[in-house]
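In case you want the letters, here they are:
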Amino acid sequence: MNSRPASFDELDRKIVTALMANARTSFAEIGAAVGLSSTAVKRRVDRLRESGVITGFTATVRPSALGWRTEAYVEVYCEGAAPPRRLAEVVRNHPEIAAAMTVTGGADALLHVRARNVEHFEEVLERIRQEPFIRKTISVMVLSHLLPDSPEAGVSQPAPDGAPDVR
């Protein structure tokens, strides 16, 4: 990755917006929309990838199609000051944690957890609580997504082994 900051102009913004709406849009289609050739769009996309503006391309999938039928957000409260580095080590050991971040407020971290079902979620929660520096957790179950097209509503990895077939 390039260490110097990349220039980012209005054409780059339009290209990124088009790719965020549909990463499968061809360079020719984007070029026609922004007034560039497909070759010029490709050069810009390559530069944006190299500079770290574009970090990847992915498909979002309905979670239940991959076996994730239960979803929750978990506030994590730690004993003392748990360094973010240590929290990151812990969350990497749980494939059910879709996202994790340190936060302001009373909690030290917020975890986005996906599970096959409530029983699986409970098992994940117990594994998280076994960490010696975690004092308590508060969970909030997701009932529905009000913005169903948001990245949080989709997933990028299947549920762990044993997920039910949801055809």
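**Observations regarding helix 3 (residues 38-50)**
Taking 1.5 Å per residue, 13 residues should reach 18 Å; helix 3 reaches 18 Å between its end C-alpha atoms and fits that length. Every buried residue belonging to helix 3 is among A40, V41, R44, V45 and L48, and all of these are buried. Burial along helix 3 is one-sided: seen end-on, the buried residues are contained in an arc of 135 degrees. Those residues of helix 3 hidden inside the fold are in contact with helix 1 (10-21) and helix 2 (27-34).

**Describing the packing of aromatic side chains**
Two measures describe an aromatic ring pair: the distance that separates the ring centres and the angle between the ring planes. Scanning the entire structure with this criterion turns up zero aromatic pairs. Above the ring of Y77, the side-chain terminus of K136 is found at 4.7 Å from the ring centroid.

**Let's talk about the confidence of the model for the chain**
The pLDDT averaged across the chain works out to 88; a share of 89% of its residues lies at or above 70. Here helix 4 (residues 84-92) stands out as the least confident element of the chain, with mean pLDDT 89; helix 2 is the most confident, with 97. Every residue in residues 163-167 is under pLDDT 50, and counting partners more than four places away or in other chains gives nine contacts.

**Remarks on helix 2**
Helical geometry: 3.6 residues make up each α-helical turn, so side chains three or four residues apart lie on a common side. Three or more residues of helix 2 are buried, namely I30, G31 and V34. Down the axis of helix 2, the buried side of the element spans an arc of 100 degrees, and every buried residue falls inside it. Residues of helix 2 that are exposed and angled more than 90 degrees away from the buried face: A32 and A33. Next to the buried residues of helix 2 lie helix 1 and helix 3. G35, located one to two residues past helix 2, shows a positive phi value of around 85 degrees.

**Structural notes on the environment of R86**
One can find R86 in helix 4. Each C-alpha atom, one on R86 and one on F133, is 9.7 Å from the other, the two residues being 47 residues apart in sequence. Not counting the four nearest positions on each side in its chain, R86 is found in contact with E131 and F133. Engagement of the side chain of R86 in a polar contact is seen with the side chain of E131, the distance being 3.2 Å.

**Looking at the pairing of strand 1 (residues 70-78)**
Of all the nine residues making up strand 1, seven are buried; the element is thus mostly covered by neighbouring parts of the structure. In this sheet, strand 3 (residues 109-115) lies alongside strand 1 in antiparallel orientation, the contact comprising seven bridges. Counted as the bridge partner of E71 is R114 from strand 3. Where strand 1 meets strand 4 (residues 134-141), seven bridges bridge the pair, whose relative direction is antiparallel. Note on strand 4: the bridge partner recorded for C78 is I134.

Rules used in this analysis
Residues numbered from 1 in each chain as written. Predicted model: local features only at pLDDT ≥ 70, side-chain atom pairs only at ≥ 80, totals over all residues. Heavy atoms only, no water. Helix = DSSP H or I, 4+ residues; strand = E, 2+ residues; numbered from the N terminus. Expected span 1.5 Å × (residues − 1). Buried < 20%, exposed > 50% of the residue type's maximum accessible area, 1.4 Å probe, protein only. Arc of directions from axis to C-beta. Contact = heavy atoms within 4.5 Å. Phe/Tyr/Trp six-rings, centres within 6.5 Å; stacked < 30°, edge-to-face > 60°. Lys NZ or Arg CZ within 6 Å of the ring centre and 35° of its normal. pLDDT = per-residue confidence, 0-100. Polar contact = N/O pair within 3.5 Å; in protein donor to acceptor, adjacent residues only side chain to side chain. Pairing = 2+ DSSP bridges.

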